[in-house]
Amino acid sequence: MSQTVPTPRTRPEGSARALSEAYDTALLDLDGVVYAGGHAIVHAVESLGRARDGGMHLAYVTNNALRTPDAVAAHLTELGIPAVASDVITSAQAVARLISDQVPQGARVLVVGGDGLRVALRERGLEPVESADDDPVAVVQGYGGPELPWGRFAEACYAVARGVPWFASNTDLTIPSARGIAPGNGAAVEVVRIATGAEPQVAGKPLPPMHRETILRTGAERPLVVGDRLDTDIEGAFNGGVDSLLVLTGVTDGAQLLAAVPEHRPTFVDADLRGLLTGQPEVVADGAGFRCGGWTATAGEEQLELDGGGEPLDGLRALCAAAWTVAGDGACRLDGAKALARLGL
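Per an unreviewed UniProt entry, the protein chain goes by the name HAD hydrolase-like protein and belongs to Streptomyces himalayensis subsp. himalayensis.

Shown next as structure tokens:
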């Protein structure tokens, strides 16, 4: 039986209704979306409060396996976003379920990471251990924070080299912080991969185990993935067959968005979480170009062209349509720098 290949998205979609009304659950990434470096991102607290008061269920879905759901919920509450542990889904929980499906109940698992991994493993009836000499049946690696000792990587390497199955919560190469972009768990995974030549089983976004964990825990029927990363949040939504909202408060900039391959093209684009509270403008074909608001974007021979004026985000949405249409199922190679500069992006 042949499998249907999804048609590449050629423009952001419009919505006559506020997204908080059109979808029952927001599956929100945390770092770069809700907070950065421990501080709430501008407009996040009030936007989420209004979405929640309007009846939208808020779930916080993070690839960061360091903290427990209790700790994350407590932090959100301190920021003014009331949350309980059951509102939080982590890649630690997803990888713990992935491991528990393959090893006996009560099995020992060597942990390279933080408390989030240990709590998630115990929740699934597994025993965290600290040394390759503790006879683990699996190795799991998750973000352990900037103070994670180098010797933890050595323990993972010893066990993996002996043939112990290796799992990773996620492979994000970077993580946003208050001071800038820092190395993420993916960078740490590369240390063990280089030393052993092995490949881990990965659970986190954008892969199916994380989406499965999220749906199991939230029961969402019309979910909207909200994220700042194309290669995790937006690709995860694509893989799960659900819609997505990209917010520009994290690691993705305008140039990366214009060059996005089909699985990295979000359903909607907005500046921040205020986008949940509004409809989304329609991008329409206009002669040889695409119009959104007062802007019209076209694809020239070497660069993307932008005419008109108005809200910068409308211009970005129009540019996306021009770039994604000419790119088809690949990445747009046209220069969009001049057009983005006009928008201040």
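Next, the rest of the story.
1. Let's talk about the environment of Gly-125
In this structure, Gly-125 sits in the loop between α5 (115–123) and β7 (127–129). Measuring from C-alpha to C-alpha, the distance between Gly-125 and Arg-108 comes to 9.7 Å, with 17 residues separating the pair along the chain. Non-local contacts of Gly-125, meaning those with residues more than four positions away in its chain, are made with Gln-105, Gly-106 and Ala-107.

2. Topic: the UniProt feature "domain: GCN5-related N-acetyltransferase-like" (unreviewed entry) in the protein chain
Per the UniProt record, "domain: GCN5-related N-acetyltransferase-like" (unreviewed entry) is found at residues 292–345. Taken as a whole, residues 292–345 contains 43% helix and 20% strand, while its terminal C-alpha atoms sit 16 Å from one another.

3. What about the pattern of salt bridges?
Across all of its chains, the model carries 19 salt bridges by this definition. For Arg-118, the salt bridge identified is with Glu-130, shortest N-O distance 3.1 Å. Of this pair, Arg-118 sits in helix α5 while Glu-130 sits in the loop between β7 and β8 (138–141), and the two are twelve residues apart along the sequence. Residue Glu-130 is classed as partly exposed on the basis of its relative accessible area of 35%.

4. Section: the sheet that holds strand β17 (residues 289–292)
Spatial ordering of the open sheet is given by β16-β17-β18-β19, a layout of four strands whose pairing is antiparallel. Looking at the sheet topology across the chains shown, the edges are occupied by β16 (284–286) and β19 (304–308). Each strand axis lies, on average, 30° off the axis of its neighbour in the sheet, ignoring direction. Two strands pair when backbone bridges link them, and β17 and strand β18 (residues 295–299) are joined in this way by three bridges, in the antiparallel orientation.

5. A short note on the packing of aromatic side chains
Each aromatic ring pair is specified by the distance between its two centres and by the angle formed by the two planes. Applying the stated rule across the entire model yields two aromatic pairs. With a centroid separation of 6.3 Å and 75° between ring planes, the pair formed by Tyr-23 and Phe-268 is classed as edge-to-face. Of the two residues, Tyr-23 sits in the loop between α1 (19–22) and β1 (25–28) while Phe-268 sits in strand β15 (residues 268–270), which places them 245 residues apart along the sequence. For the pair Tyr-23 and Phe-268, one class covers both residues: buried. Consider the rings of Trp-150 and Phe-153, whose centres lie 5.3 Å apart with planes at 90°: the pair is edge-to-face. Linking Trp-150 with Phe-153, this pair stays in helix α6 (residues 150–161), spanning three residues, or about one helical turn.

6. A look at helix α4 (residues 91–100)
With respect to burial, α4 is a largely interior element, nine of its ten residues being buried. Considered for burial, the residues of α4 that qualify are Ser-91, Ala-92, Gln-93, Ala-94, Val-95, Ala-96, Arg-97, Leu-98 and Ile-99.

7. Looking at the layout of surface pockets
Here the idea is plain: a probe the size of a water molecule rolls over the atoms and shows the empty space left. Put simply, the largest pocket is a space of about 540 Å³. Secondary structure elements with two or more residues in the lining of the largest pocket: α3 (69–78), α6, β10 (174–177), β11 (180–183) and α7 (185–196). Across the lining of the largest pocket, the residue classes break down as 16 nonpolar, eleven polar and two charged. Thr-7, Arg-9, Phe-238, Pro-262 and Arg-265 are, among the 14 residues lining the second largest pocket, the residues nearest its centre. At the level of elements, α9 (230–240) and β14 (243–247) are the ones that each hand at least two residues to the lining of the second largest pocket. The element that contributes the greatest number of residues to the lining of the second largest pocket is α9, accounting for three residues. Looking at the lining of the second largest pocket residue by residue, the class counts come to seven nonpolar, four polar and three charged.

8. Some remarks on the packing of α6 against α7
Axis separation between α6 and α7 bottoms out at 10 Å; the angle between their running directions is 45°. Of the possible angle classes, the one that applies to α6 and α7 is oblique. Once α6 is placed against α7, the crossing between them reads as right-handed. Here α6 contributes Trp-150, Phe-153, Ala-156, Cys-157 and Val-160 to the contact with α7, which in turn contributes Ala-188, Val-191, Val-192, Ala-195 and Thr-196.

9. Points about the domain arrangement of the protein chain
Parsing the protein chain into structural domains produces domain 1 (19–63 + 206–276), domain 2 (94–202) and domain 3 (284–343). Once you take the C-alpha centre of each, domain 1 and domain 3 turn out to be 24 Å apart. Buried area between domain 1 and domain 3, summed over both chains or domains, comes out near 1,100 Å², and the portion from carbon and sulfur atoms is 70%. By the criterion of area lost to domain 3, the three top residues of domain 1 are Leu-258, Arg-265 and Val-269, representing 53% of everything that side buries. The interface formed by domain 1 and domain 3 holds one salt bridge in total. In this structure, Arg-317 and Asp-270 form a salt bridge, with 3.5 Å as the shortest nitrogen-oxygen distance. Applying the counting rule to domain 1 against domain 3 returns five residue pairs in polar contact (both at pLDDT 80 or more). When residues in the side of domain 1 that touches domain 3 are grouped by element, the largest group, four residues, is from helix α10 (residues 254–258). A breakdown of the residues in the side of domain 1 that touches domain 3 according to their chemical character gives eleven nonpolar, one polar and two charged.

10. Describing the sheet that holds β15
The six strands lie next to each other as β5-β4-β1-β13-β14-β15, forming an open sheet whose pairing is parallel. Looking along the sheet, the strands with just one partner apiece sit at the ends: β5 (88–90) and β15. Within the sheet, the average angular offset between the axes of one strand and its neighbour, ignoring direction, is 25°. With three bridges connecting them, β14 and β15 associate as parallel partners. Its bridge partner being in β15, Val-247 is matched across the sheet by Asp-270. Here α4 sits on the sheet in contact with β4 (57–62) and β5, set at roughly 55° to β5.

The rules behind these values
- Residues numbered from 1 in each chain as written.
- Predicted model: local features only at pLDDT ≥ 70, side-chain atom pairs only at ≥ 80, totals over all residues.
- Heavy atoms only, no water.
- Helix = DSSP H or I, 4+ residues; strand = E, 2+ residues; numbered from the N terminus.
- Contact = heavy atoms within 4.5 Å.
- UniProt positions renumbered as here; feature names shortened; annotations may be inferred.
- Salt bridge = Lys/Arg side-chain N within 4 Å of Asp/Glu carboxyl O.
- Buried < 20%, exposed > 50% of the residue type's maximum accessible area, 1.4 Å probe, protein only.
- Pairing = 2+ DSSP bridges.
- Axes fitted to C-alpha atoms, helices over the stretch in contact; angles between N-to-C directions.
- Phe/Tyr/Trp six-rings, centres within 6.5 Å; stacked < 30°, edge-to-face > 60°.
- 1 Å grid on protein atoms, 1.4 Å probe; cavity = no way out; pocket = protein on both sides within 12 Å on 5 of 7 lines; lining within 4 Å.
- Points joined across faces, edges and corners; volume = space filled by probe spheres on them.
- Nonpolar A, V, L, I, M, F, W, Y, C, P; charged D, E, K, R; others polar.
- Parallel < 35°, antiparallel > 145°, perpendicular 65-115°, else oblique.
- Left-handed = near helix turned anticlockwise from the far one by under 90°.
- Domains from an automatic or database assignment.
- Buried area = accessible area lost by both parts, 1.4 Å probe.
- Polar contact = N/O pair within 3.5 Å; in protein donor to acceptor, adjacent residues only side chain to side chain.

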